[in-house]
Every structure is written in structure tokens, then in C-alpha cells.
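Breakdown of the fold
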Amino acid sequence: MPADIAGAKAALSHLDIEEKEVAIKAASRDFFWYSPVLKDRLDHVVADFVVRPRNEAEVIEILKVCYAHDVPVTTRGAGTGNYGQAMPLEGGCVMHLRHMDKVKEIHPGRVICEPGVLLKDLDAATKEHSGQELRMFSSTWATATIGGFIAGGSGGVGSCTWGSLRDLGNIIRLRVVTMEEEPRIVEFTGEELARVSHAYGTNGIITEVEMPLAPAYDWVEMFVATDDFMDAARFAEALANQDGILIKLATVFEAPIAKDYFQRVAPYVEADTNLIGLMVAPQSMDGFLTFLGRRPEARLIYRNDDFDWARTPGPVFEYGWNHTTLRALKVDPSITYLQVRYGYPNHLDLIEKMRNELSPEVLQHLEVLREGGKVIFAGLSLVKFTTEERLDEIIRLHEEAGAMIFNPHRYTLEEGGRQTVDDRQLRFKKEADPKGLLNPGKMIAWDDPDWDYSRMYAYPKLQAAE
Ligand code: FAD
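Now for a description of the structure that goes with this document.

Rules of the game
- Residues numbered from 1 in each chain as written.
- Predicted model: local features only at pLDDT ≥ 70, side-chain atom pairs only at ≥ 80, totals over all residues.
- Heavy atoms only, no water.
- Salt bridge = Lys/Arg side-chain N within 4 Å of Asp/Glu carboxyl O.
- Helix = DSSP H or I, 4+ residues; strand = E, 2+ residues; numbered from the N terminus.
- Buried < 20%, exposed > 50% of the residue type's maximum accessible area, 1.4 Å probe, protein only.
- Contact = heavy atoms within 4.5 Å.
- Pairing = 2+ DSSP bridges.
- Axes fitted to C-alpha atoms, helices over the stretch in contact; angles between N-to-C directions.
- Expected span 1.5 Å × (residues − 1).
- Arc of directions from axis to C-beta.
- Core = buried A, V, L, I, M, F, W, Y, C linked by side-chain atoms within 4.5 Å.
- Domains from an automatic or database assignment.

Before going further, it helps to spend a moment on the pattern of salt bridges. By the definition in use, this model includes 39 salt bridges. Notably, a salt bridge pairs E58 with R54, separated by 3.7 Å at the nearest N-O pair. Among the ionic pairs, R410 bridges to E415, the shortest N-O distance being 3.9 Å. A cluster of three or more residues bridged by salt bridges with shared partners is formed by E56, K104, R110, R173, R175, E187, E208 and E210.

Printed below as a string of C-alpha cells:
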């Protein structure tokens, strides 16, 4: 059935509906434009209307009405995803969760809240209540929501100690609403969490989350410099392997990233300076300085609790994760990036190999990540973009060398992930979204079960550019 947009809008007219064209366009966009490939394909995409529920009952009402009128629903937290996760490919309704921002309960080691609360507001509430904070957050801490992080993100600041968001224990419980004739509320824990976490809102809408907390500290944020890139990578790895030193971030930037793209750091580094961004717990600083003293190849050039720089560089984590790409893009719009996994035990060799083959076309930006108890690296490499063909070739070179790519130039779950069908997500979609109206076009397994991934998937119902 074709979508009855007018009918759905009329039925929802008593809710907070956005009518202004400019505002609808703004709420229809995320950070897909980080990718020149996605920018070419998604720039024109726009929803028909935007509605902002105030609570779970309104979410249920919106899903029920849109189901009855065959209107696609794409949920939006803050729209900071950069795989085009929140782009309403087929138009329809964008359900923006900004009003659902209540922190409901805080207990020792856990918090219960609505999905639309910003990560920074959640941290502020738990810190004020009982000196606790999220174990990990996306570097978009200041702007992104907890629901968007769970449904669209993967990990971030804190993952050097706690692993990825989807690792057991890093999400406690999710409450989810389905999109059926009569929407149901389901609660997921344990094994079932994988059905909806990192599913881009394709198979249910998260209306409440329960997340684990850790003690909050006034983290000491630092920049350390080295002349040799591999020295910087080895420093970050060795620090993360120090069992007694608590860190929240260890990021490595190949030269000349710091000089060329980090405006406020640039006066204090040279073009050939490699940089390490760190967050260390205050009680670990004595141990850290002892560790540093044993490494003459590394120089501490900045710490946020004692510095003589003319201007503060701001939070060090806003140089890491995908903020590195953002800073580079602002200086050189031809920069894009790749998301790479350098797995244990060959991670350092692999990084060195890729750098020898591809630098400076591809500059290394590494994030320390804990996986299965081992320290590994995620690469969010900066790529000087020339053509799609060359980008594909660079991806192939990584894969042939044994480095896994999570391709940020694709808008489907499968292509941005491990290129395989997630059966748990697909099975739940069959139950929870029988008409396939939730964030359509993002799950290939739903649209085309025989897809072979040999080329980029193009959603057949993607809005045509005018
Ligand atoms: P949105 O972009 O609004 O949504 C993300 C996805 O989740 C969409 O598919 C949306 O439909 C779905 N969704 C949102 N809310 C719900 C809900 N309640 N129920 C069901 N589905 C829902 N990501 C990381 O993982 N780590 C990082 O460190 C990181 N750094 C970034 C830095 C920059 C500068 C940028 C631009 C992006 C970065 N990202 C990172 C990607 C993105 O910011 C994160 O994934 C972020 O947490 C998304 O939150 P959001 O509120 O903006 O979600």
C-alpha cells in the first residue's frame, strides 16, 4: 500500500509535529556527508514530516498510526550518526526523541533513563547524584543521545578499559516498542539485547535504557608527543596494558595530523610530530608519570590541570574517535575516513604494514580498544579521497592484509558491519515490524536475502533526487 502521509499527519496533529520545511529538512539529516560516497547518494533525502513524542505512550500512538497508514518511521536521537543511520531513505515520518530525556533512577553501578537524554546530561546527573559516570561514551558526548549511541554507535571513550558497547555487561536492559497493528512493549536483557542494540532502529524503538556506571573521576587529559609513529602506537598499547593504571582514552595520531588539523595544538608541535591523546585517572598519575619517565622517546607536552598554552585545546577526547575526521574535514574537505579493526595478536605489525603501503594518502589514527581482555586498535584512518574506485581499492588492500573494515561509506547494517546477516536482528524484525516500515532500506537481509555483497547495495525505494 502507498503511504497515506496526509492521513497519518491528521491523526497525529495533536502531538508536537514539525511543519516548517527547513526544520523538517534539518531533522532529516545526520552526518552521512562524512562520506563522499554517501553524500552523492543521500544529500536530497528528506522526511515528509517530523513528530516529537513526549513519552512512551506517544511513541506507541505514532507507531500505531503510521502502521495503519503504511508510513515509514525513522527514529532520530540527535542525528550525529555518520553511516547515514538516521536518514529517512523513503521519506515518511522522522520520530525525533528529543523530549524523552528523563533520568528516572540512579543506583550504585547503574542508571535507568529515557533514550533521548544527551550523554553529557546523563553523566552530569549521575555525577551529581553519586559520583558515577557512564563507562563509555561516543566522542559526541556533548550532542548525542544515549538511545542513538546504543542503536547506532559502537563504543568510544572508555572502550580502552571496558570494551565495546555490545560486549556482555555494557548494556543492562532495553525496553522496546514494536511497530505492529497493536504495538507491544518488550524488555530485553542478556542474550536478547543483541536483537536491537546497533540495529539502527530497524526492528523496534528503544523507550527506556538501563546502563552500567563506573566511578566518576576528574580525568587528567594529556597530549604526549613522539618523533616516531610506531613508538607512539607502542606507547599507547603498553600504557593500556599497565594493569594498575586506569585510563579512559588512548588515541594515536600519525604526523602531520596534529600540525595540519588540530588548530590549537599546532603551535606546540612540528609537522613530523606524532601525538598521543590520553585520559588518565588522577589517582593513577603517579604511576603514569613513572611509566612516562621510563620512555625517553615520549614527551608530555600538555596536561589539562597544569599548562601554559595560550588557549586551552578543549577536551582531549574531542580530538579522538570520529572528531579527528571532523577536524580534518574542516581544514581539507577532500578528507574522508575508514573504520578498521587491527586484531590481536598482529595488530602492531598490521598497522605498520598499512602505513608503509599507504601513508600519506591514508594517515593512521588509532584508538586503543579492549577486546576479549586483549588490547587491540580500532583505526579511524584519515583518507585523502580521490575516487570511489580508489577508496574501494584501499579497503581491499586492508582486507587482503587481514585488517577488518567496517565500511562507513555504506548505509546498510550489513555493509557497515561484518558483511553478514545478523539473524537475531532479522528474526526480531519479522516479529516486530511485519510491514517493514522501521527505518527502511537499512537491513539488506530484510529486503534481499540473496544479496551477495559484491557491489554496493542500492535501496530500490530510495527517494529519487529531483
Ligand atoms: P542518531 O544519529 O540520531 O541515531 C543513530 C541510529 O540509532 C539511527 O539509525 C536511529 O534511527 C537509531 N535510533 C536513535 N534513537 C533510537 C531509539 N530510541 N530506538 C531505536 N533506534 C534509535 N560513534 C561511536 O560509536 N563512537 C564515537 O566515539 C563516535 N564519535 C563520533 C564523532 C563525531 C564527530 C560524529 C559526527 C559521530 C560520531 N559517532 C561515534 C557516531 C554517532 O555520533 C554516535 O553513534 C552517536 O552516539 C549517535 O547518537 P545520536 O543520538 O546522534 O543518534
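Now that the structure has been shown, we can carry on.
Counting through the fold element by element, F235 comes out in helix α8 (residues 229-240). With a relative accessible area of 1%, F235 lands in the buried category. Residues F235 and A298 lie 63 residues apart in sequence; the distance between their C-alpha atoms is 8.0 Å. When near neighbours in sequence (up to four residues on either side) are disregarded, F235 contacts V224, I276, L278, F288, F291, L292, R295 and A298.

What the three strands build is an open sheet, ordered β15-β20-β17; its pairing is antiparallel. If you trace the sheet from one side to the other, it starts and ends with β15 (335-337) and β17 (362-363), each paired once. As paired elements, β15 and strand β20 (residues 382-384) share three bridges and run antiparallel to each other. Residue pairing in the sheet places T336 in a bridge with V383 of β20. Helix-sheet contacts for helix α11 (residues 323-331) involve β15 and β20, and the interaxial angle to β15 is about 165°.

Let's shift gears to helix α12 (residues 347-358). In a regular helix each residue adds 1.5 Å, so twelve residues correspond to 16 Å; α12 covers 16 Å between its end C-alpha atoms and thus fits that length. Regarding α12, the residues found buried are H347, L348, L350, I351, M354 and L358. Projected down its long axis, α12 shows its buried positions confined to an angular sector of 160°, all on one face. Across from the buried face of α12, at angles greater than 90 degrees, the exposed residues are D349 and N356. In this structure, the buried side of α12 is in contact with α8, β16 (340-342), β17, β18 (365-371), β19 (374-379) and α13 (388-401).

Before going further, it helps to spend a moment on the nonpolar core. Counting residues in hydrophobic clusters, the biggest one holds 68 residues, and the most contacted among them are I146, L174, M211, F262 and L275. Lining this core are residues from two domains, each supplying at least three of them: domain 2 (103-216) and domain 3 (220-405). Residues contacting M211, with those up to four places away along its chain left out, are G109, R110, V111, L134, I146, I150, L165, N170, I171 and I172. A232, I276, L358 and I395 belong to the second largest nonpolar core, which has 58 residues in total.

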